[in-house]
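Chain by chain, the residues run as shown.
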Amino acid sequence: MEGVAEGLWGLADYHEKRGEIGKAIKCLEAIPQSSVSFLPIVEVKFRLRIATLLLRHSHNVNQAKSHLERSQLLLKSIPSCFELKYRAYSLLSQCYHLVGAIPSQKQIISKAIELIESLGEGFEAKLWYCNFSSQLANVLVIEGDYENSISALQQGFNCAAEISYAELQMFFATSILHVRLMQWDDLHSVESAVSKCDEVWESLDLNKRQQCHGLFFYNELLHVFYRLRICDYKNTAQHVDRLDAAVKADMQKMQQFQELKGELDATNQSLLQPDLHHKDRSRLRQKQAQIQQQLDNIRGASTMVREHLNTKRDVNVRWVSADELKLAPSPIDGEWLPKSAVYVLVDLMFVICVRPKGVFKECGKRIESGIHVIQEELSKLGIVDGIRELDLQHSAIWAAGLYLMLLMQFLENKVAVELTRAEYVEAQEALVQMRNLYSRFPTILRSCESIIEMLRGQYAHSVGCFGEAAFHFTEAAKLTESKSVQAMCQVYAAISYICVDDGESSSQALDLIGPIYRTMDSFVGVREKTAVLFAYGLMLMKQHNLQEARIRLASGLQIAHNHFGNLQLVSQYLTILGSLALSLRDTGQAREILRSALTLAKKLFDIPTQIWVLSVLTELYQELGEQGNEKENSDYQRKKVDDLQKRIVDAQSSIHHLELINKTKLEVQKMHEFDGKRSTIGPSMMINLDIPESVGLTNLPSTRSSSRLLDLDSSSRRRGKRRI
């Protein structure tokens, strides 16, 4: 009977290699379903392989779990076969994770670790210990137990060090950094984790580093998240450049791979011809071998290893897809994210880094490309129009959450780009997409509610509805637990109140700014400090404390220039400093500053800031008696005002305008039936990639006398409410 098992195993190999997974599973199922008894070890190996295929290629988690639980019962009667026992434990742990049975997963991992510890030392045992340490750490993260998660990862790191497995050490070092970034209880711990990653990565020789493709992306992206969090945008860029180059190189390699695969398929088809001459067949077989060798070279020697059925040795090495970015060697063989998600995430990081610099054309391409890829992946998961949370299968929740969160991040950046360019209708459309996604997946996207409210505030402010903007910013602050996001929303609300420009609003602005100003040095990075210095400078100007305002604003400008590279923010700082210089009769400095501000605003296609700068320049030319410059400047300003007014009118004509600016919160029907699935989402869905504020600091009119712009803003608000 062993020959029958070998034949079925080999036939399953053949179908799996051709991508015919259903046929492969049918071959393997013949053994467990047979009325003839086979050796328990044979049945176990078949069941384990069936479960592996089901988990990798389908959503039939319960069927996989059934095979694994039966395998466990069979293995109890076998005194040895520890490799198979470990593998059964590991796969069953994955099943429990996918169905959200976290207590059962912890229990099965504990049993596996106890078994390993009872057997003593050994290279294979230590590898399995590393595997279960990684799985335990993941479970503890889902429970929010970061300290014990880090402890489990540290034990894995130490175990990898004992067997001198540097690549495995790197896996645990990056995993520890990941948890530290999620926890972020103190900067020193995060910095130590970053340093350890750098140390271990540098200890790998160049050849090993090139083979650790998945670890490269994982490590670099974690470094990007860290740099963004501390607002170190200049050093972020070099990591993003390396990631971008690696993606492009891999895409070229994959294109070459597909071309060779097509050539191989054509050669195989030719070999099937029955009347083929011996010499032609020999030539084609030689060509077939050459192409196969080229394919194996592209994939790497370790990515196409065959599984064996051997009743005397517990070998179970599997086919590995070339589309996976493995983080660790077998038996861990895990990937952080699917390759498509990693590559989309690289595009997202690129957008985040270059958007503040005004590279909008390339940003637009990356955003559209990223959204297209995400929508394709969601479609594969069955998430199309009309699908809601309750329609999702348990096993699809994690992947769905991943791609939905990425989609929201891309749409957020699209809103930011369009608002900066005063393309308000396009910004509306992206914001409405975000709102609709949230209404369909409110549990998965629960952390996005605050972001949507903040963007509604950005939109309302951009079209001159300052009272409505302040409302949405205030609501956004209430909807997040992040102290950083709360502070930024409160600063935005304060600026909107300043633009309302009455006594009560000024008092409300001061109430918001004061507490943040007093604690601005307590935040990680300098984003909050830069924002509150801007708002505080405005308040000082309203109070006619011009010298003090100049000091605060100059300090904020220096920080913005050194750390952010956000041209819109710098141009806004320069504009208000130019206005201050004019108020202080320093016309020479005012001219120089305002020209720089106008240059930056033009580069960004930032029409509101351009109008703001032009209004102050007009006052400057009036004061200097430069009638020619004043007329030329006024004419240009009038064109820009007319352009902006048309854009605002177009936005107000949209059916979405009022529903976005109205002082109402998002109303979403909470689905209590989904609560049972929430554990599979875990806190990772709450993790903010720390994307910088959407549109820098929002535009506002000059505090001196920019009546033309003030008239435009107020008339726009009134006209909008009448027109709709």
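Residues numbered from 1 in each chain as written. Predicted model: local features only at pLDDT ≥ 70, side-chain atom pairs only at ≥ 80, totals over all residues. Heavy atoms only, no water.

## As for the packing of helix H15 (residues 339–354) against helix H17 (residues 397–420)
In contact at an axis separation of 11 Å, H15 and H17 are set at 20° when each is read in the N-to-C sense. Here H15 is positioned roughly parallel relative to H17, judged by the angle of their axes. Here the hand of the crossing between H15 and H17 comes out left-handed. Packed against H15, whose contacting residues are Ser340, Ala341, Val344, Leu345, Asp347, Leu348, Val351 and Ile352, the element H17 presents Leu402, Tyr403, Leu406, Gln409, Phe410 and Asn413 at the interface. Across the contact of H15 with H17, the residue classes break down as 10 nonpolar, 3 polar and 1 charged. (Axes fitted to C-alpha atoms, helices over the stretch in contact; angles between N-to-C directions. Helix = DSSP H or I, 4+ residues; strand = E, 2+ residues; numbered from the N terminus. Parallel < 35°, antiparallel > 145°, perpendicular 65-115°, else oblique. Left-handed = near helix turned anticlockwise from the far one by under 90°. Contact = heavy atoms within 4.5 Å. Nonpolar A, V, L, I, M, F, W, Y, C, P; charged D, E, K, R; others polar.)

## Structural notes on helix H21 (residues 483–500)
Between its terminal C-alpha atoms H21 stretches 26 Å, which fits the 26 Å expected from 18 residues at 1.5 Å a residue. With 15 of its 18 residues buried, H21 lies for the most part within the structure. Positive phi shows up at Asp501, right after H21, with a value of about 65°. (Expected span 1.5 Å × (residues − 1). Buried < 20%, exposed > 50% of the residue type's maximum accessible area, 1.4 Å probe, protein only.)

## Concerning unusual backbone geometry
Backbone torsion omega between Ser330 and Pro331 reads 10°, so that peptide bond is classified as cis. As for its placement among the helices and strands, Pro331 is situated in the loop between helix H14 (278–299) and H15. We note that His544 has phi near 65°; this positive angle belongs to a residue other than glycine. Relative to the elements of secondary structure, His544 occurs in the loop between helix H23 (527–542) and helix H24 (546–564). Phi angles above zero are rare outside glycine, and Phe605 is one such case at about 55°. Positionally, Phe605 belongs in the loop between helix H26 (587–603) and helix H27 (607–624).

## A word on the pattern of salt bridges
For the structure on display, the rule yields 41 salt bridges. A salt bridge links Lys287 to Glu263, with the shortest nitrogen-to-oxygen separation between them at 3.8 Å. Taken together, the residues Lys287 in helix H14 and Glu263 in helix H13 (residues 233–271) connect sequence positions 24 residues apart. Under the relative-accessibility criterion, Lys287 is labelled partly exposed at 31%. For Glu263, a relative accessible area of 36% gives the class partly exposed. Linked by salt bridges that have partners in common, Asp244, Lys248, Asp347, Glu362 and Arg366 make up one network. (Salt bridge = Lys/Arg side-chain N within 4 Å of Asp/Glu carboxyl O.)

## Some words on the nonpolar core
One finds Leu168, Phe217, Met349 and Leu445 to be the most contacted residues of the largest nonpolar core, which totals 238 residues. Setting aside residues no more than four positions away along its own chain, Leu168 makes contact with Leu127, Cys130, Ala160, Ala328, Pro329 and Ile332. With 7 residues, the next largest nonpolar core counts Met254, Phe257, Leu260 and Leu264 among its residues. (Core = buried A, V, L, I, M, F, W, Y, C linked by side-chain atoms within 4.5 Å.)

## Some words on the side chain of His67
If you trace the backbone, His67 turns up in helix H4 (residues 61–76). A residue is classified by how much of its surface remains accessible, and His67, at 10% relative accessible area, is buried. Apart from residues lying up to four places away in sequence, His67 is in contact with Glu29, Arg47, Ile50 and Leu54.

## Quick look at helix H16 (residues 360–380)
For H16, built from 21 residues, the straight-helix expectation of 30 Å at 1.5 Å per residue is met to within 8% by its first-to-last C-alpha distance of 30 Å. Every buried residue of H16 is accounted for by Phe360, Cys363, Arg366, Ile367, Gly370, Ile371, Ile374, Glu377 and Leu378. Buried residues of H16, viewed axially, fall in a sector of 130°; they line one side. Pointing more than 90 degrees away from the buried face of H16 are the exposed residues Lys361 and Lys380. Those residues of H16 that are buried lie in contact with H13, H15 and H17. (Arc of directions from axis to C-beta.)

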